[in-house]
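Each chain, written out:
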Amino acid sequence: MKTVSMSGSLRGNVGKKDAKAQRAAGKVPCVIYGGKEQVHFSTDEVSFKPILFTPNAHLINVNVDGKEYLTILQDVQSHPVSDSILHADFLELDPQKPVIISVPIRVTGTSPGVLRGGKLVKKFRKLKIKALIQHLPDEIEVSISNLDLNQSVKVGDLKMENVEFLDIKSGVIISVVSTRNVEPAAPAK
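Caption draft 1: Representation of the overall build of the chain. Scanning the chain from N- to C-terminus turns up three helices and 13 strands. In the chain, which comprises 189 residues, the proportion classed as buried is 34%. Counted over contacts in the chain with a minimum sequence separation of 6, partners at least 24 positions apart contribute 65%. Carbon and sulfur atoms make up 50% of the accessible area of the chain, which totals about 11,500 Å². Taking the 25 positively charged and 20 negatively charged side chains of the chain as two groups, their mean positions are separated by 7 Å.

In structure tokens, the structure reads:
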């Protein structure tokens, strides 16, 4: 999984007034939790660009006054009108403990059902998985090469080593449904 670096500085005071002052200065108040203690820091809003505005999932290496933390972005609160970031929560990762994270799906192959006029319907964009940090994939590859009309790929059909899928097993990820202009199948000889 790709790693993005971010740096920030510790916040002296923690509270509404301090957070409001940080935002007025163009900073985003943040917190790292899940480790030995919580770390309250602030960083520039611009540093969130490579993390938020991408479909990919990232590990984030946060440097706070010289101390490094390996984290994932757990939650972001945005302003309802201006869409500026109000607050961000980071979860500190332990290499010995599994992580729950949503990973994007990448569709590969060409479906025979689509070539005959069927419609490809994608129900999931990301899947929730549980794995150790070293086993986290960048994306989950789903092949549609053998999907004919009215067939689908379900979460239970996917297999990855050292990765546990947390979405419901009967959930349909991708399906090929028939449309009005479907060509009939060639007769079997």
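Caption draft 2: Focus on the side chain of S111. Within the element layout of this structure, S111 appears in the loop between β7 (99-108) and α3 (112-115). A polar atom in the side chain of S111 sits 2.5 Å from the backbone oxygen of L147. Beyond its immediate sequence surroundings of up to four residues, S111 is in contact with I144, L147 and V176.

Caption draft 3: Inspection of the sheet that holds strand β11 (residues 151-154) at higher detail. On the basis of which strands lie adjacent, the open sheet formed by three strands has the order β8-β13-β11 and antiparallel pairing. Only two strands of the sheet have a single partner each, and these edge strands are β8 (119-122) and β11. On average, each strand axis in the sheet is inclined to that of its neighbour by 10°, with strand direction left out of account. Bridging between β8 and strand β13 (residues 172-177) involves four bridges; their strand directions are antiparallel. Note that in β13 the partner of K122 across the bridge is I174.

Caption draft 4: Representation of the nonpolar core in the model. Residues I101, L127, I129, I140, L158 and I173 are the most contacted members of the largest nonpolar core, which totals 27 residues. Considering every element that reaches this core, the biggest residue donor is β7, with four residues. Not counting the four nearest positions on each side in its chain, L158 is found in contact with L127, I140, V142, V153, F165 and I173. Within the second largest apolar cluster, 16 residues are counted, among which are M6, I32, I51 and Y69.

Basis of the calculations
- Residues numbered from 1 in each chain as written.
- Predicted model: local features only at pLDDT ≥ 70, side-chain atom pairs only at ≥ 80, totals over all residues.
- Heavy atoms only, no water.
- Helix = DSSP H or I, 4+ residues; strand = E, 2+ residues; numbered from the N terminus.
- Buried < 20%, exposed > 50% of the residue type's maximum accessible area, 1.4 Å probe, protein only.
- Contact = heavy atoms within 4.5 Å.
- Areas by Shrake-Rupley, 256 points an atom, 1.4 Å probe, with all protein chains shown as cover.
- Lys, Arg positive; Asp, Glu negative; His and termini not counted.
- Charge placed at Lys NZ, Arg CZ, Asp CG, Glu CD.
- Polar contact = N/O pair within 3.5 Å; in protein donor to acceptor, adjacent residues only side chain to side chain.
- Pairing = 2+ DSSP bridges.
- Axes fitted to C-alpha atoms, helices over the stretch in contact; angles between N-to-C directions.
- Core = buried A, V, L, I, M, F, W, Y, C linked by side-chain atoms within 4.5 Å.

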